[in-house]
Amino acid sequence: MADPGDGDGQAGTGSNHGLVVGHFGLDVEVDLPDGQRRRVRVQREEPVVVGDRVRITARGAVPEPRDTVLARRDQRDRVRAIAANLDLLGITLASRPPAPSGYLDRAIVAARAAGIRPFVVVNKCDLHESRELFEQLRDDPALRDAEIDVAAVSAQSGEGLDAIRSRLVGHRGAFIGTSGVGKSSLLNALVPGLALETGEINRLTRLGRHVTTRSTLHQLEGGGELIDTPGFRDFVPVDLSPADLARNFAGFDEALRSGCRFRDCLHRDEPECAVRREVERGAIAAARYEAYLALLRDLERVADGQRTGRTR
Ligand SMILES: Nc1nc2c(ncn2[C@@H]2O[C@H](COP(=O)(O)OP(=O)(O)OP(=O)(O)O)[C@@H](O)[C@H]2O)c(=O)[nH]1
Ligand SMILES: [Mg+2]
């Protein structure tokens, strides 16, 4: 009998390893090194997401250890991995629909804490309001301090797409963002021949319609890979400690280089805090600091709820 670890009898050739490019309930779609694409079962107890490297065995696709994973908590408080082994995250915004307050900050902190480099993609720059949003974010001192680039793009006019392609060469990135900002439209514009489903924004609620329901990974012609993800209204990071937030909040970077007295400083009432000193000097805007404190309170509330077994 064949070795059960050797599903297709080709162990040692490398063809029993692959990259997950799509997820369909109990099946995943795997790209094999010989260029073939195959559907393989996954085990419920060994969850696999797009971007995972897997070994194909008689039991199905078995995930290999991940370098990075981006995860969120859904509305029912379940942990949802979005994608694995990313090194770039394109946080996608547009004037329509606008991101909920704190969305960008949460996504940035989650990416940085997971070891993924974030950048901001302002889509629909063919529209005046999106262009204004781009200009506002391009000039945002917190993003500049955190060295987070802001790209102006339009899936419709093609503006900025070459810059996105160049950025992704040699990288694996994903677009995340609220439903309707145009993530799938951007993928379609970036990858010739791709026809991901896209959808109109609801005229009454002005929200997207959650058209994409599964993440999918796509190769870019010039090299690099890009993942389309389902839009979600809010981004509630997973396993993010108050200390992760304190270290990764965009706009505290310069202050943190000079250093707080305590390594685990939460920048609240600790003595000799570099962040508070910069707030008092006016180098960090008071509103920015308030936004940080609000996120810190949110995280502590979530952590408290988990400790006492309550769900939010
Ligand atoms: N004006 C303009 N509209 C765009 C642009 N890109 C996308 N849209 C429109 O925005 C709407 C939503 O686009 P999608 O690509 O489905 O958005 P999505 O972010 O993938 O949405 P979900 O899959 O629901 O998360 C569609 O009506 C698109 O035609 C753009 O650059 N300019
Ligand atoms: Mg979509």
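Residues numbered from 1 in each chain as written. Chains lettered and ligands numbered in written order. Predicted model: local features only at pLDDT ≥ 70, side-chain atom pairs only at ≥ 80, totals over all residues. Heavy atoms only, no water.

Description of the overall build of the protein
Formally: Numbering of helices and strands runs from the N terminus; a helix is a DSSP stretch of H or I covering at least four residues, while a strand is a stretch of E covering at least two. In this description the radius of gyration comes from C-alpha coordinates, and the expected globular size is given by 2.2 Å times residues to the power 0.38. Each residue is assigned to one of three classes by its accessible area relative to the maximum for its type, calculated with a 1.4 Å probe on protein chains only: buried under 20%, partly exposed between the two thresholds, exposed over 50%.
Looking only at helices and strands, the protein features 9 helices and 13 strands. Computed over its C-alpha atoms, the radius of gyration of the protein comes to 21 Å, within 12% of the 20 Å expected for a compact globule of 312 residues. Seen through its C-alpha atoms, the protein measures out along the principal axes to roughly 70 × 45 × 35 Å. Within the protein, the fraction of its 312 residues that count as buried is 49%.

Structural notes on the pattern of salt bridges
Put simply, the rule reads: Should a side-chain nitrogen of Lys or Arg be within 4 Å of a carboxyl oxygen of Asp or Glu, the pair is scored as a salt bridge.
The final tally for this structure, using the stated rule, is 24 salt bridges. Note that Arg 37 and Asp 31 form a salt bridge whose closest N and O atoms lie 2.7 Å from each other. Arg 37 gets classed as partly exposed once you look at its relative accessible area, which sits at 48%. Its relative accessible area of 16% is what places Asp 31 among the buried residues. Residues Arg 66 and Asp 52 are paired through a salt bridge, measuring 2.8 Å at the closest nitrogen-oxygen approach. Taken together, the positions of Arg 66 in the loop between β5 (60-63) and β6 (69-73) and Asp 52 in the loop between β3 (37-41) and β4 (53-57) put the pair 14 residues apart, joining distant regions of the chain. The exposure class of Arg 66 is partly exposed, given its relative accessible area of 33%.

Here we look at the side chain of Ser 215
What counts, and what does not: Any pair of N or O atoms that falls within 3.5 Å is considered a polar contact. Within protein, one atom must be able to donate a hydrogen and the other to accept it, and sequence-neighbouring residues count only if both atoms are side-chain atoms. Pairs of residues are marked as contacts when any of their non-hydrogen atoms sit within 4.5 Å.
Along the chain, Ser 215 turns up in the loop between α5 (183-190) and β12 (216-219). Look at Ser 215 and you get buried, because its relative accessible area is 10%. A distance of 3.3 Å separates a polar side-chain atom of Ser 215 from the backbone oxygen of Ile 82. Each residue touching Ser 215, except ones within four places of it in the same chain, is listed here: Val 21, Gly 22, His 23, Val 50, Ile 82, Ile 227, Asp 228, Thr 229 and Pro 230.

A word on unusual backbone geometry
For the bond running from Arg 96 to Pro 97, omega is -10°, close enough to zero to count as cis. Relative to the elements of secondary structure, Pro 97 occurs in the loop between β8 (88-93) and α1 (103-113). Here the phi dihedral of Lys 124 falls at roughly 65°; this positive angle occurs in a residue that is not glycine. The phi torsion at Glu 147 lies on the positive side, around 55°, for a residue other than glycine. The residue Glu 147 is located in the loop between α3 (141-145) and β10 (150-152) in this model. The class for Glu 147 is exposed, based on a relative accessible area of 54%.

Notes on the pairing of β8
Regular strands show a simple pattern: their side chains alternate between the two faces of the sheet. Note the threshold: Two strands make a pair as long as DSSP finds a minimum of two bridges between them.
Along β8, 6 of the 6 residues are buried, which leaves the element largely enclosed by surrounding structure. What you see with β8 is no split at all: Leu 88, Gly 90 and Thr 92 on one side and Leu 89, Ile 91 and Leu 93 on the other are buried throughout. Taken together, the 6 bridges between β8 and strand β9 (residues 117-122) define a ladder with parallel strand orientation. Residue pairing for β9: Ile 91 is matched across the bridge by Val 120.

Section: the coordination of the magnesium ion (ligand 2)
Think of it this way: four donors in a tetrahedron around the metal ideally sit 109.5 degrees apart, and six in an octahedron ideally sit 90 or 180 degrees apart. To be explicit about the condition: Only nitrogen, oxygen and sulfur atoms qualify as donors, and only when within 2.8 Å of the metal (3.2 Å in the case of Na, K and Ca); with water excluded, sites may look incomplete.
Donor atoms from the polypeptide that coordinate the magnesium ion (ligand 2) comprise Ser 184 (OG) and Thr 212 (OG1), at 2.0 to 2.1 Å from the metal. One end of the pair, Ser 184, is in helix α5; the other, Thr 212, is in the loop between α5 and β12, and 28 residues separate them in sequence. Overall, Ser 184 belongs to the buried group, its relative accessible area being 7%. Of the residues examined, Thr 212 reaches a relative accessible area of 16% and is grouped as buried.

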